[in-house]
Amino acid sequence: MRTLREIPALREALGDARRRGERIALVPTMGNLHDGHLALVAAARERAEVVIATIFVNPLQFGAGEDLEAYPRTLEEDQARLEAAGCDLLFAPDTTTVYPRGLAAQTRIVVPEVTDGLCGASRPGHFDGVSTVVGMLFNLVQPDLACFGEKDYQQLAVIRRMVADLHFPIEIVGVPIVRAEDGLALSSRNGYLSPEQRAIAPRLYATLCELREGLESGSAPSALLEQGRTRLEAAGFEPDYLELRAADLGPVTTVTREAVLLAAARLGTTRLIDNLTLTLPR
Ligand code: PAF
């Protein structure tokens, strides 16, 4: 696997693959890779001749007071894991390569509506940073497809909308959440949890599972969601949101069948997110 740091080298490597008529799959990441990221690489590997991962801790998607400085940077371990997973190329640029004029002067992509509420409400500007960097990576790599984890459900919806609205000729592949044995969704931020918090963390998924059971058997959503919030608080979480939305993140109406439960909650200073899709009864 070759690691490329500069845009001209990236363009040259991909130009060769394109001339050979090979399909290119992109896996954008911020590094500190776990099995969830490797599932993205595996999904990419199944669908394309060339798999390119990117590692870039994108400052544009972190708000003031968030964990930009503390975000784990583990390039050497990540390179070894990507290579073992069959990745062909890694693009790991510096911030000045991505944003040469600085963050304030950077042209941005703003996706409306689907960014409203949920993480968009508690992390203002976050999705503008995500869509801007992902749009830029799409332009640089020009992949045939790109793989994103379903754990970041709203992010995936934002990227799908951006691709549709800006007519990027790129297939977006959503890859199912990878969980630890106790149900906790894998995330680079799990590494911030103390042993006590790590023992509590699976309650987030367990609560979503309990709610799903109630909703699928016809219980009223508002009372169930209130109970879910109370349960999370009792376990030691500070819930940010716990919501039921239609699968496209629109509001749930009487005709909604495919839906999603979404949660974000803090354990100490660590913010965890998770979601579970479900089918509402008629
Ligand atoms: O999901 C992530 O790791 C990031 O938001 C992404 C898509 C790599 C953009 O920086």
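Refer to the structure printed above.
Note that this is a predicted model, so its numbers are computed, not measured. (Residues numbered from 1 in each chain as written. Predicted model: local features only at pLDDT ≥ 70, side-chain atom pairs only at ≥ 80, totals over all residues. Heavy atoms only, no water.)

Asker: It is not clear to me how the overall build of the protein should be interpreted in this structure. Could you clarify?
Answerer: Within the protein, the secondary structure is distributed over 10 helices and 9 strands. Taken over C-alpha atoms, the radius of gyration comes to 19 Å for the protein, in line with the 19 Å a tight globule of 282 residues would show. Across its three principal axes, the protein shows a C-alpha extent of roughly 55 × 40 × 40 Å. The buried share of the protein, taken over its 282 residues, is 52%. (Helix = DSSP H or I, 4+ residues; strand = E, 2+ residues; numbered from the N terminus. Rg over C-alpha atoms; globule rule 2.2 N^0.38 Å. Buried < 20%, exposed > 50% of the residue type's maximum accessible area, 1.4 Å probe, protein only.)

Asker: Looking at this structure, how should I read helix α10 (residues 221-235)?
Answerer: Along its 15 residues, α10 runs 21 Å from first to last C-alpha, staying within 8% of the 21 Å computed at 1.5 Å per residue. Those residues of α10 not exposed but buried are L224, L225, G228 and L232. Take α10 and look down its axis: the buried residues cluster within an arc of 100°, on one side only. Relative to its buried face, α10 has exposed residues pointing more than 90 degrees away, namely S222 and A234. Looking at the buried residues of α10, the elements they touch are α9 (203-216), β7 (238-246) and β8 (258-267). Of the residues trailing α10, G236 is marked for its positive phi of about 115°. (Expected span 1.5 Å × (residues − 1). Arc of directions from axis to C-beta. Contact = heavy atoms within 4.5 Å.)

Asker: Before we go on, may I ask you to explain the sheet that holds strand β1 (residues 2-4) in this structure?
Answerer: Strand pairing within a sheet occurs via backbone hydrogen bonds; the two strands may be parallel or antiparallel. Spatial ordering of the open sheet is given by β1-β4-β3-β2-β5-β6, a layout of 6 strands whose pairing is parallel. A strand with exactly one partner marks an edge of an open sheet, and here the two such strands are β1 and β6 (171-175). This sheet shows a mean twist of 25° between the axes of neighbouring strands, independent of strand direction. The pairing of strand β3 (residues 50-55) with strand β4 (residues 89-91) spans 3 bridges and is parallel. Among the inter-strand pairings, A53 is bridged to a residue of β4, identified as L90. With respect to the sheet, helix α7 (residues 153-165) is in contact with β5 (145-149) and β6, its orientation differing from that of β6 by roughly 170°. (Pairing = 2+ DSSP bridges. Axes fitted to C-alpha atoms, helices over the stretch in contact; angles between N-to-C directions.)

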